[in-house]
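The residues making up each chain are set out below.
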Amino acid sequence: MNHREFLPSKVLILVIALSVLPVALSFAGQSPGSIFRDVAVGLELAQAGTITPDKPGASTPSTSLSAQQERDHLLMLAALSYTYASLTDRPPEGYDISALIAWNVQDLNKTPDFIIDRNRNYEKQGEVFHAQANAIRTAYDKMRDFNIPPSLAGSERYLRYTNDLKNATLYTTLEPCPMCETTITMAKIPLAIFCMEDPGLREAVTPHETKPDLKVPTKFYGRELVEKHSDLADCSQADVSMWKTVEGGAPGSFQITSYIHQNSEKIFRPAWDELACSKSKYPENSQLLIELQKATGAISCTRP
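Conventions used here
Residues numbered from 1 in each chain as written. Predicted model: local features only at pLDDT ≥ 70, side-chain atom pairs only at ≥ 80, totals over all residues. Heavy atoms only, no water. Phe/Tyr/Trp six-rings, centres within 6.5 Å; stacked < 30°, edge-to-face > 60°. Helix = DSSP H or I, 4+ residues; strand = E, 2+ residues; numbered from the N terminus. Buried < 20%, exposed > 50% of the residue type's maximum accessible area, 1.4 Å probe, protein only. Disulfide = S-S within 2.5 Å. Contact = heavy atoms within 4.5 Å. Salt bridge = Lys/Arg side-chain N within 4 Å of Asp/Glu carboxyl O. Axes fitted to C-alpha atoms, helices over the stretch in contact; angles between N-to-C directions. Parallel < 35°, antiparallel > 145°, perpendicular 65-115°, else oblique. Left-handed = near helix turned anticlockwise from the far one by under 90°.

(A) Spotlight on the packing of aromatic side chains. Scanning the model with the defined rule gives three aromatic pairs in all. Ring geometry for Y84 versus W272: centroids 5.6 Å apart, planes at 50 degrees, classification tilted. With Y84 in helix α4 (residues 67–85) and W272 in helix α11 (residues 264–277), this pair connects stretches of sequence that are 188 residues apart. Overall, W272 belongs to the buried group, its relative accessible area being 13%. Ring geometry for F254 against Y259: centres 5.5 Å apart, planes inclined by 45 degrees, an arrangement best described as tilted. Residue classification places F254 among the partly exposed residues on the basis of a relative accessible area of 21%.

Listed below in structure tokens is the structure:
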């Protein structure tokens, strides 16, 4: 039986669970926010086809993904896997944040070109070398080297440089900070998709469904950036665990970079395994999958 046939029963279970929630809270020792969040994410994963009936919470490729959704998932898995690939060196705190920029993601007739970079604050001895900003610099270097003929006049080359990211999408393992939001917008990248939320962008500790408080304008100078939270199951599960830690700690004590560093194996290893074992359902994404696996080293599936 297809697991989608279980959805009505899951909805019924959810209704029953919510009706007895006040009693359950007195015994569970959890805050209402954390329980509501767990239930909501569980239902979201079930509806997305990423939970099997016999193994609640287990992530499996959804049979309902479109070619575009599969492509978005593969690119986010690659950003997460790129981070995992460097963990054997136990990099300094902050290194374990990555960003990927891909061109022509929405054109299913093309295999997207892409670059990946990471946070380099420790390496560069500064506070502004964030993964998203570094990825944009790397993307400009790639355009100069491969995509724009050196024979073009200086003014035309400038226009090509500044407009070539208009058809790019940025995928990042962590929600962009205000500096990076502005940089992404200035680079004319129209869409940024992030995996984990950053509680530091909120005035107070709030459930992760709420809109960030400390956001800068992302529509100016004729540019506009749209930010989306990835619907990848690995990202939803990482957020649930992270927000539980936030709610369980002292106010103001949580630092997202420290949390990611301390939990890097748990956050990034599942994505690396999933990418290594992935098989594209759509021919349009087959070559992209091969290239992403090579770029991240996720080429050996170790699952039984």
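(B) Main features of the state of the cysteines. Counted under the stated rule, the structure contains two disulfides. A sulfur-sulfur distance of 2.2 Å marks the disulfide that ties C195 to C235. One disulfide, between C195 and C235, carries an S-S torsion of -115 degrees and so falls in the left-handed class. Separated by 40 residues along the polypeptide, C195 in strand β4 (residues 191–196) and C235 in helix α9 (residues 233–248) bring together distant segments of the chain. Disulfide partner of C277: C301, at an S-S distance of 1.9 Å. The sign of the 95 degrees torsion about the S-S bond sets the C277-C301 disulfide as right-handed.

(C) Summary view of the side chain of T218. Following the sequence through the fold, T218 ends up in the loop between β4 and β5 (219–220). Excluding its chain neighbours within four sequence positions, the residues that come into contact with T218 are E181, T185, R223, E224, L225 and E227.

(D) How the structure looks around the pattern of salt bridges. Overall, the coordinates contain seven salt bridges when judged by the stated rule. Residue E197 pairs with R202 through a salt bridge whose shortest N-O separation is 3.9 Å. The same class applies to E197 and to R202, which are both buried.

(E) Structural context of the packing of α4 against α11. One can describe the packing of α4 onto α11 by two numbers: an axis separation of 8 Å at closest approach and a directional angle of 125 degrees. With respect to their mutual orientation, α4 and α11 come out oblique. Here α4 and α11 pass one another in a crossing that is left-handed. On α11, the residues that touch L74, L77, A78, L80, S81, T83 and Y84 of α4 are E265, F268, R269, A271, W272, E274 and L275.

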